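Coordinate analysis (summary)
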Amino acid sequence: MSRLVVVSNRVAPIRQGKATAGGLAVGLHDALRQSGGIWFGWNGEVSKRPETACETIGNITYVTLDLSKPDYDQYYRGFSNATLWPVFHYRIDLARYCRKEYEGYRRVNAMLAEKLKPLLRPDDILWVHDYHLIPFAAACRQLGIGNRIGFFLHIPFPAPEVLTAIPPHEDLFRSFCYYDLIGFQTETDRLAFQDYISREAGGRVEADGNLSAYGQSFCAGVYPIGVMPDEIRRQAESYRGRRPIIGLTTEGRRRKTLISVDRLDYSKGLVERFQAYERFLEHFPEHRHNVEFIQIAPTSRSDVKTYQAIRKQLETVAGHVNGRLSDLDWTPLHYLNKSLDRRTLIGLFRTANVGLVTPLRDGMNLVAKEYVAAQNPADPGVLVLSRFAGAARELSAALIVNPYDCLGMAEALDRALRMPLEERKERYEDMMQALRAADLNAWRDTFLRDLRSFGRHRVVTARR
Ligand code: ADQ
């Protein structure tokens, strides 16, 4: 079997016995272990004199490099996270465009391709991950690298009307076409991509799914990312760590708990969620004192302005809800601006009566899947899920909500907390079936199978 080379913005080596890594990292490691290979990307460090480091563990070689300050500012903080991320999440209002940053984005992609080139064997296959690296294949082709290259987009692909808000959208899109296979989380994303091909790029979408544009032919497919549901269930069953005292009355009676776990990001709909929770307590006062909401949201991308703003806004809303509604023996909202390890999260999911996952837009959202998998089959909790999370396609047995509908979300919370056991079990079984049918291994294996079976290697020269 040909070697696999994974390229991602961040690289996280996993050492023996380290069980704290997220599912995705473990899934990619398993693929690398099966065929041997390289994991290549940024190590998360910024330095004056960027260096490349190499570490081999078993049959996997981790090749990581640090970035210079201008590269970090333009490629990562700038074009990736201040332009692409908001636009791909339909937040043109929060996006900023700077030509210099786009040039930096292209430059770093070209630099990464150059660093990788000498490490490649002719039959290696490359799997590139996410929006930071859209021009990576084009940069490889320019260097004469003809290996098969696949790309998976973890975030949504926006409708052409939205994508075209990015001034160099055509140049950006052209660079997609040098991949052999492009994977999306949902059919909606794939259709939006095809829409751009036919309406903006003057390309062709064949009946068999083959695509062509800008003189290149390639394929696109839907590969919804999953979790390992039975593994999570076992972890949840065997969790013996810290138990939250949140949800307990002073006499030790258990209150019902709602849980949300996100990175602190404006796409996750945290402010709207807090407001809906406040509305819920106003509209259904019988739940007051009987329910507590735990929101875990560690800061992310804190040097991007829009992230500083959302953090402030969230603190204000959380303070407002608690200031208005708390009592001497009851705090309705627990907002933890910190991260918890994976095991503790899974343990928390198990004990929470409701999982509240209400992003305004999300590629998939693995928290929704992890919450369901961690439930006790004999007494499962209820998932309240935004229609704008990719996960809503598969988890249609959740209570599906529109996060812009404050009262609708409040009503869904009331319904979730009152839901009879039989209905909860039915919905849970339905969702577990969906999780097992499309787990993490299936995601990885079908993508790699399709990439391996894709046509021939090619040597082309990418135009800028
Ligand atoms: P993220 O936006 O980071 O990922 P998500 O899928 O919700 O979002 O989480 C990925 C992983 O991080 C999960 O395993 C989750 O448990 C963990 N995680 C999230 N918040 C955490 C917290 N507060 N503390 C500790 N762990 C936390 C992007 C896309 C998603 C897509 C994933 C995978 O934005 O839509 O589902 O990639 O493709």
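Conventions used here
Along each chain, residue indices are assigned from 1 in the same order as the chain's sequence is written. Per-residue local features are limited, in this predicted model, to residues with pLDDT of at least 70; the limit for side-chain atom pairs, both in listing and counting, is 80 or more; totals at the level of whole chains, interfaces and linings are taken over all residues. All the domain ranges listed were derived from an automatic or database domain assignment. Once C-beta atoms are placed from the backbone, any two residues with those atoms within 7 Å are in contact. Secondary structure elements are taken from DSSP: a helix is a run of H or I of four residues or more, a strand is a run of E of two residues or more, and numbering for both begins at the N terminus. In this classification, Asp, Glu, Lys and Arg are treated as charged, Ala, Val, Leu, Ile, Met, Phe, Trp, Tyr, Cys and Pro as nonpolar, and every other residue, Gly included, as polar. Only strands that DSSP links by at least two bridges are regarded as paired with each other. Note on geometry: axes are C-alpha line fits, over the in-contact stretch for helices, and angles between N-to-C directions span 0 to 180 degrees. Contact assignment follows one rule, namely that a residue is near a molecule or strand if its backbone-placed C-beta atom lies within 6 Å of it. Here a residue counts as buried when 20 or more other C-beta atoms fall within 10 Å of its C-beta, as exposed when 12 or fewer do, and as partly exposed in between; the C-beta atoms come from the backbone. When the strands point away from the viewer, a crossover counts as right-handed if the path from the first strand over the helix to the second runs clockwise. Residues enter a nonpolar core if they are buried, belong to Ala, Val, Leu, Ile, Met, Phe, Trp, Tyr or Cys, and are joined to the set through C-beta atoms within 7 Å. Oblique is the label for any angle not under 35 degrees, not over 145, and not in the 65 to 115 range, which are roughly parallel, roughly antiparallel and roughly perpendicular in turn. Every helix has an expected span of 1.5 Å times one less than the residues it contains. What the arc covers is the set of directions going from the helix axis to the C-beta atoms. Every residue is assigned a pLDDT by the predictor, reflecting its confidence on a scale from 0 to 100.

The name that an unreviewed UniProt entry assigns to the chain is Alpha,alpha-trehalose-phosphate synthase, with the source organism given as Azotobacter chroococcum NCIMB 8003.

Taken domain by domain, the chain comprises domain 1 (4–226 + 444–453) and domain 2 (229–436). Each of domain 1 and domain 2 was reduced to a C-alpha centroid, and the two centroids are 31 Å apart. On the side of domain 2, 17 residues touch domain 1, which itself brings 18 residues to the contact. Per-element tally for the side of domain 1 that touches domain 2: the top contributor is helix α2 (residues 69–88), with 3 residues. The class makeup of the residues in the side of domain 1 that touches domain 2 is 7 nonpolar, 9 polar and 2 charged.

Glancing now at the sheet that holds strand β3 (residues 52–57). Across the sheet, which stays open at both edges, the 10 strands sit in the order β3-β4-β2-β1-β5-β6-β7-β10-β9-β8 with mixed pairing between neighbours. Both edges of this open sheet fall to β3 and β8 (204–205), since each of them pairs with a single strand only. Sitting on the sheet, helix α7 (residues 187–199) is in contact with β7 (181–184), β8, β9 (210–213) and β10 (216–222), with an inclination near 160° to β10.

H154, S339, G363, M364 and L366 are the nearest of the 22 residues found near the ligand. Counting only elements with at least two residues in the shell around the ligand, the list comes to α1 (23–35) and α12 (366–373). In terms of residue count, the dominant contributor to the shell around the ligand is α12 (3 residues). The class makeup of the residues in the shell around the ligand is 12 nonpolar, 6 polar and 4 charged. Each of domain 1 (4–226 + 444–453) and domain 2 (229–436) accounts for three or more of the residues forming the shell around the ligand.

The next subject is the pairing of strand β6 (residues 148–152). Residues in a regular strand point their side chains to alternate faces of the sheet. In terms of residue burial, β6 counts as a mostly covered element, since 5 of its 5 residues are buried. Burial along β6 is two-sided: R148, G150 and F152 and I149 and F151, pointing in opposite directions, are all buried. Across 5 bridges, the pairing between strand β5 (residues 125–129) and β6 is parallel. Of the residues in β6, the one forming a bridge with H129 is F152. Taking the sense of rotation as the criterion, the β-α-β connection linking β5, helix α4 (residues 136–142) and β6 turns out right-handed.

In this structure, A368, L383, V384, L385 and L395 are the most contacted members of the largest nonpolar core, which totals 142 residues. Per-element accounting of this core gives the leading share, 9 residues, to α2. For this core, the domains that each give at least three residues are domain 1 (4–226 + 444–453) and domain 2 (229–436).

Spatially, β13-β12-β11-β14-β15-β16 is the arrangement adopted by the 6 strands of the open sheet, whose pairing is parallel. Edge strands, defined here as strands with exactly one partner in the open sheet, are β13 (333–336) and β16 (399–401). Averaged over neighbouring strand pairs, the angle between their axes works out to 20° when direction is ignored. Inspection of the sheet shows strand β15 (residues 382–386) paired to β16 by 3 bridges, in the parallel sense. By the bridge assignment for β16, L385 is matched with I400.

As a further point, take the packing of helix α9 (residues 270–283) against helix α10 (residues 305–325). Following both chains from N to C, one finds α9 and α10 inclined at 10°, their axes separated by 9 Å at the closest point. Our classification of the angle between α9 and α10 gives roughly parallel. Where α9 approaches α10, its residues L270, V271, F274, Q275, Y277, E278 and L281 are matched on the opposing element by Q313, L314, V317, A318, V321 and L325. Of the residues in the contact of α9 with α10, the class split is 10 nonpolar, 2 polar and 1 charged.

Bringing helix α15 (residues 440–452) into the picture now. Between its first and last C-alpha atoms α15 spans 18 Å; for 13 residues at 1.5 Å apiece the expected length is 18 Å, and the two agree. L440, W443, R444, F447, L448 and L451 are the residues of α15 that are buried. Down the axis of α15, the buried set is contained in an arc of 110°. They therefore lie on one face.

This part takes up unusual backbone geometry. Leaving glycine out, the prevailing phi sign among residues is negative, and the prevailing peptide bond configuration is trans. Located in the positive-phi region is H289, a residue other than glycine, with phi close to 75°. As for its position among the elements, H289 is in the loop between α9 and β12 (291–296). Of the residues examined, H289 has 15 C-beta atoms within 10 Å and is grouped as partly exposed.

Bringing the confidence of the model for the chain into the picture now. Of all residues in the chain, 95% attain a pLDDT of 70 or more, and the chain-wide mean is 93. pLDDT under 50 marks residues 459–464. Its contacts with residues more than four places away, or in other chains, come to 9 contacts. Interface confidence for the predicted complex, expressed as ipTM, amounts to 0.98; the pTM equals 0.95.

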